[in-house]
Amino acid sequence: MSIVLLAFVLGLLFGSFLNVCISRLPKDESIVFPPSRCPKCLAPIKPYDNIPVLSYMLLRGRCRSCAEPISAQYPFVELLTGVLTAVFVARWWGNPGWLAVSLLAVYVLIVVSVIDFETMMINDAFSLILFALGIGGSYFNPHLDGGWAARLAASAGGAAAGAGFIWALALLGKKIYKKDAVGEGDIFLMG
């Protein structure tokens, strides 16, 4: 099996876990316990019904226990994560440090995006994780030059520029629309 195909399959599994995070983190629920369950009837999901994408298709998008529809978000997130994992592995296999940092950032961004889409809220903890990945991973970043200090400065400068741009956009939006046009979470996330 090629490394890219293996990465895709592992990405599907990571996507299944990301769905758990997306479902439970906004409710301050544990992402470990209890095991996967139907969001409607709370019946535990059997291992053979928890195979990414395939189980959704075989169950025709319905819970085996209560027959209620299961959101298409679940296979979408699994497929997106599988594809992105395969693409990043294909591109960055020769730079394992940057591959790890990039994949972690992609996974956090998937979770943040879906939660933000559903709740219109971005928890600052996600932005802090991404900030730490960006600063800490700057040493591995193939797009930056120089030693550790130069790379760290470039990464911090990029974070400041990103946050500053969105902050300026928020000020402009408030002036034009007379209300908040951009949330604080967006400013932190862009940083």
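The present account deals with the structure reproduced in this document. (Residues numbered from 1 in each chain as written. Predicted model: local features only at pLDDT ≥ 70, side-chain atom pairs only at ≥ 80, totals over all residues. Heavy atoms only, no water.)

1. Looking at the overall build of the protein chain
Phase 1: Helix and strand content of the protein chain: seven helices and zero strands.
Phase 2: Listed N to C, the secondary structure of the protein chain is α-α-α-α-α-α-α in terms of helices and strands.
Phase 3: Reported as C-alpha extents along the three principal axes, the dimensions of the protein chain are approximately 55 × 50 × 25 Å.
Phase 4: Pairs at least 24 apart in sequence give 54% of the contacts found in the protein chain among residues at least 6 apart. (Helix = DSSP H or I, 4+ residues; strand = E, 2+ residues; numbered from the N terminus. Contact = heavy atoms within 4.5 Å.)

2. Description of helix H4 (residues 96-119)
Phase 1: In this model H4 runs 34 Å from its N-terminal to its C-terminal C-alpha over 24 residues, within 8% of the 34 Å that 1.5 Å per residue would give.
Phase 2: Phi turns positive one or two residues past the end of H4, at Met120, with a value near 60°. (Expected span 1.5 Å × (residues − 1).)

3. Topic: the packing of aromatic side chains
Phase 1: Throughout the structure, instances matching the rule amount to three aromatic pairs.
Phase 2: On the numbers, 5.4 Å between centres and 35° between planes, the contact of Phe14 with Tyr107 is tilted. Here Phe14, found in helix H1 (residues 3-24), pairs with Tyr107, found in helix H4; they are 93 residues apart in sequence, far enough to count as distant.
Phase 3: Judged by relative accessible area, Phe14 falls into the partly exposed class, the value being 42%.
Phase 4: Each ring, one from Tyr139 and one from Trp148, has its centre 5.6 Å from the other, and the planes form 50°; the classification is tilted.
Phase 5: Classification of Tyr139 as partly exposed rests on a relative accessible area of 47%.
Phase 6: Ring-pair connections join several aromatic residues into one group, and the members of that group are Tyr139, Phe140 and Trp148.
Phase 7: We note Arg91 situated over the ring of Trp92; from NZ or CZ to the ring centre the distance is 4.1 Å. (Phe/Tyr/Trp six-rings, centres within 6.5 Å; stacked < 30°, edge-to-face > 60°. Buried < 20%, exposed > 50% of the residue type's maximum accessible area, 1.4 Å probe, protein only. Lys NZ or Arg CZ within 6 Å of the ring centre and 35° of its normal.)

4. What to know about the nonpolar core
Phase 1: Ranked by internal contacts, the top residues of the largest apolar core, which has 24 residues, are Leu18, Ile22, Val77, Val111 and Phe126.
Phase 2: Those elements that provide at least two residues to this core are H1, helix H3 (73-92), H4 and helix H5 (124-136).
Phase 3: Counting residues per element, this core draws most heavily on H4, which supplies 13 residues.
Phase 4: Ignoring anything within four residues of it in the chain, the contact list for Phe126 reads Leu25, Val108, Val111, Val112 and Ile115. (Core = buried A, V, L, I, M, F, W, Y, C linked by side-chain atoms within 4.5 Å.)

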